[in-house]
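If you want the building blocks of each chain, they are given just below.
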Amino acid sequence: MHGLPSCTFNRYPFKLGLQGSRPILAGSRSSLPLDERLFSQDLKRVGYRTHLVGKWHLGFEAVEYTPVSRGFDTFTGFYNGMQDYYHHTTSGFDTIDNVGGYDMRRDVMDKDGVPHVDNMLWNANGTHNNIIFTNEAIRIIREHVTDYKGEPLFLMMSYPNPHTPIQVPEKFVEANSHIRNPIRRKYAGLVSSMDDSVKQILEELKSAKLLDETLILFLSDNGGAYMGHSTEVPTGSTNFPLRGMKGSLWEGGNRVPAFINGPGIPKEKIMDEVIHITDVYPSLMKMLDIDINKDNLDGTDLSPLFQMEEDSKTRKNYFIYDIDPVYRQAGIRKDNWKLIVGNSSLRQMNHWFPPLVENESRSSFEVMNISTFLNEAFRQIKIYHNSRFCKSIKCFFPIELDHEVQLFDLQKDEYEFNNVAGEHANVVEDLVGILNKEMEAMIPPVNLLQKGNARANPHLFNGTWHPWMTIT
C-alpha cells in the first residue's frame, strides 16, 4: 500500500493546507478543518460504538477539534504528534519555546452529547505507552461485551510505535538479540512491542467470541524515518532497497506495510495492485454497506481488491504523493509511471539508506539532523512567503520545467534509479496536466512551522496540553 510522505489523512493534504510533511505542531492553529467529516463520524451515525486509543495529531485548539467531538465516544491517548513513551510529555522543537507539557488523557462524550476533555491520566506517568494502550483496548472490548452487546464496535489503535524517541522495554530488545547492530535491535524492539500489543488484543477478541466477525485492517501512514528528531544518530529504521525516507516523495517515504483480515476475506493471499491510503475510507464504507454521501473524496472504492477478488476490474487510475509550493515539489503515479516535479533542496532525503551493520552508529554519508533540516525548512518557508501563491506547476520553479522533472517506470525500476523523462515526453506532459488539474483544489499551506500560540502554553493548564480556544 502507499501512504503519504508523513502522518496521513483520508484526503490529500494539499486540499487541506497541510501539505509538505510539515507536522501540526503543539499549540499551533493548523488543525484538520471542522467541515471535514471523519470515518468515525460516519460509523457513529449508523450506530457504532467508536473508540480511539493512541495518537490523535489532528489538532486540539478548541474542544470541537478533539476526538470525542469528531465521532469518537472515548479517546485514550495524546493529542500531539510524539511524546516520551514513559513520561508522556511533549516538548522540543515542535512546541512553544521548548515548553513541555503532559499529554495522556481519557476523553469521553457523555450520553447527553457533551464532550469532557479534562481527565488527565496522571497515574500513567512512568508506564510505557504500549501497556497503557493495550490495557485500554482490552477494557473497551470487555465493556462492550458486557454493556453494549449487539451493537457494532469500531476500535482504532493509533500506535506511536516506532516513532521517535526510540524507547522500549528491555524484554523486547532482548527478543531481537539476533540483530547485531544495537541501534537496529532497539528499533526492532519498539516494533515488537507493538506486535505484542496486537497479539493481546486479538486474543481478547477471540476470548470474547468476537474475532470471527471482526474486520481487521493493519497499516502504517508513511515510510520509515532514517534520521532522528534530536540527534544525528539514525533511528534504526530503513526502507532499503527502496529509495528515500519519511518526508520524501520517494517510494521509501510512501510505501507501507498493510494487511486485512475478516469475514469473507481469503486467507494468506497477496494482492499485487496499487492501493493508496485515501482509498481506505470509501472501500471500507462500501464493505460495511454504509452510504457516505460524499462527493469530494480523494480515494477510490477499491473494495473488490480489499476482498482479494483477483478477477476484479477495479483499478486505481492515479494518485498524488503530494503537491507542495513551499518545498517546490510534487509527485504523482499513474499506472506504472511515477513523476516527481521539482527537487527540494532537502536533498539528503534522496539517498538509499541500507540497514546499519555491526556497530555502525551512523550512515556512511552525511545525513542531516533535525537542526539542519529545520534551518533548511525555514529558509524554504521564507522564500515561499516572499513569492506569490499560484496553482500551476510552472510557478514552483525559477528555471525551465524540463530541468526539474524525474520520471520512473516503477514496473521496471522499482528502486528509482533511472530517470527516463527525456524518453517519454508524452507521459510527462500527461502527468503534469493531471497535477495542474488537481492543483485547482489546492489551498495555501497553513502549516508553516509557526510557533505555538502563547495561549496554549501548558503552564496555563496545570502543566498539560489542553484546548485553549473557545469557538463562538
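Since we're looking at a predicted model, the values are computed, not measured. (Residues numbered from 1 in each chain as written. Predicted model: local features only at pLDDT ≥ 70, side-chain atom pairs only at ≥ 80, totals over all residues. Heavy atoms only, no water.)

## So, the environment of W56
Defined as follows: Strands here are runs of E lasting at least two residues and helices are runs of H or I lasting at least four, both read from the DSSP assignment and numbered beginning at the N terminus. What makes two residues a contact is simply this: any of their non-hydrogen atoms within 4.5 Å. For the purposes of these results, a polar contact is taken to be a pair of N or O atoms within 3.5 Å, where, inside protein, one atom must be able to donate a hydrogen and its partner to accept one; residues adjacent in sequence count only when each atom of the pair is a side-chain atom.
Tracing the backbone shows W56 in the loop between β1 (49–55) and β2 (74–78). For the pair W56 and P67, spaced 11 residues apart in the sequence, the C-alpha separation amounts to 7.3 Å. Setting aside residues up to four positions removed in sequence, W56 forms contacts with L38, Y65, T66, P67, R70, F72, F75, F78 and Y79. Only 3.4 Å separates the side chain of W56 from the backbone oxygen of Y65, close enough to count as a polar contact.

## Here's the deal with helix α6 (residues 280–287)
For clarity, the cut-off: For every residue, the accessible area (1.4 Å probe, protein chains only) is compared with the maximum for its type, and the residue is labelled buried under 20%, exposed over 50%, or partly exposed between those bounds.
For α6, the buried fraction is high: six of the eight residues fall into the buried class. Where α6 is buried, its residues meet α1 (39–45), β8 (216–219) and α7 (303–306). Residue D289 follows α6 closely and has a positive phi angle near 60 degrees.

## Comments concerning the pairing of strand β12 (residues 337–341)
Taken residue by residue, a regular strand's side chains alternate between the two faces of the sheet. Note the following rule: Strands were regarded as paired on the criterion that DSSP finds at least two bridges between them.
The buried fraction of β12 is high, at five of five residues. Relative to β12, strand β11 (residues 329–334) is paired through five bridges, and the arrangement is antiparallel. Note that in β12 the partner of K334 across the bridge is W337. Taking the residues that link successive antiparallel strands as the turn, the β11-β12 hairpin has two residues, and the phi of D335 there is positive, at about 55 degrees. Of the strand pairs in this sheet, β12 and strand β13 (residues 405–409) are connected by five bridges, and their pairing is antiparallel. Counted as the bridge partner of K338 is F408 from β13.

## Quick notes on the packing of helix α2 (residues 129–147) against helix α4 (residues 182–207)
This is how the line gets drawn: Fitted lines through C-alpha atoms give the axes, limited to the stretch in contact for helices. The angle between two N-to-C directions lies from 0 to 180 degrees. Reported orientations rely on four angle classes, namely roughly parallel under 35 degrees, roughly antiparallel over 145, roughly perpendicular from 65 to 115, and oblique for the rest. Throughout, a crossing is termed right-handed when the near helix is turned clockwise from the far one, and left-handed when it is turned anticlockwise from it by less than a right angle. Residues are grouped as follows: nonpolar covers Ala, Val, Leu, Ile, Met, Phe, Trp, Tyr, Cys and Pro; charged covers Asp, Glu, Lys and Arg; every other residue, Gly included, is treated as polar.
Across the interface, α2 lies against α4 with an axial gap of 10 Å and an inter-helix angle of 15 degrees. Relative to α4, the element α2 is oriented roughly parallel. The way α2 lies across α4 gives a crossing that is right-handed. Two secondary-structure elements touch here, α2 through N130, T134, A137, I138, I141 and R142 and α4 through S193, M194, S197, Q200, I201, E204 and L205. Here the residues of the contact of α2 with α4 sort into six nonpolar, five polar and two charged.

## A word on the environment of E423
Assignment of secondary structure puts E423 in the loop between β13 and α9 (425–439). Put simply, E423 and L407 are 16 residues apart on the chain and 9.3 Å apart in space, counted from C-alpha to C-alpha.

## Topic: the nonpolar core
Our working rule: The definition of a nonpolar core used throughout is a set of buried Ala, Val, Leu, Ile, Met, Phe, Trp, Tyr and Cys residues joined through side-chain atoms within 4.5 Å.
Of all hydrophobic cores here, the largest spans 41 residues; its most connected members are F39, L43, W56, M285 and F306. Every element with two or more residues in this core is listed here: α1, α6 and α7. With four residues, α6 is the largest single contributor of residues to this core. Setting aside anything within four residues of it in sequence, one finds M285 in contact with F39, D42, L43, I290 and I292.

## Details of the sheet that holds strand β10 (residues 318–324)
Reading across the sheet, the four strands line up as β10-β11-β12-β13 and stay open at both edges, with antiparallel pairing between neighbours. Each edge of the open sheet is held by one strand with a lone partner, namely β10 and β13. Each adjacent strand pair in this sheet contributes to an overall mean axis angle of 10 degrees, direction not counted. Here β10 pairs with β11 via six bridges, running antiparallel. Bridging across to β11, D322 finds its partner in G331.

## Overview of the packing of aromatic side chains
Put simply, the rule is: To pair, rings of Phe, Tyr and Trp, with the six-membered ring standing in for Trp, must have centres within 6.5 Å; the planes then decide the type, stacked if under 30 degrees apart, edge-to-face if over 60, and tilted in the middle.
Counting across every chain of the model gives 15 aromatic pairs. With 5.9 Å between their ring centres and 5 degrees between their planes, F75 and Y79 make a pair best called stacked. Take F75: its relative accessible area is 0%, and that puts it in the buried class. For the pair W250 and F408, a centre-to-centre distance of 5.7 Å together with 70 degrees between the ring planes defines the contact as edge-to-face. With W250 in the loop between β8 and α5 (251–254) and F408 in strand β13, this residue pair connects regions lying 158 residues apart in the sequence.

## Things to note about the pattern of salt bridges
Condition: Salt bridge, as used here: a side-chain nitrogen of Lys or Arg that lies within 4 Å of a carboxyl oxygen of Asp or Glu.
Taken as a whole, this structure holds 19 salt bridges when the rule is applied. In this structure, D103 engages R105 in a salt bridge whose closest nitrogen and oxygen atoms are separated by 2.9 Å. Per residue, the accessibility class of D103 equals that of R105, and both read buried. Among the salt bridges present, the one from E414 reaches R255, with a minimum N-O distance of 2.9 Å. Of this pair, E414 sits in the loop between β13 and α9 while R255 sits in the loop between α5 and β9 (258–261); the two residues are 159 residues apart in sequence, bridging distant segments of the chain. Among the residues examined, E414 registers a relative accessible area of 31% and is labelled partly exposed. Taken together, the shared-partner salt bridges connect E251, R255, K338, E414 and E416 into one network.

In short, shape yes, function no, at least from these values alone.
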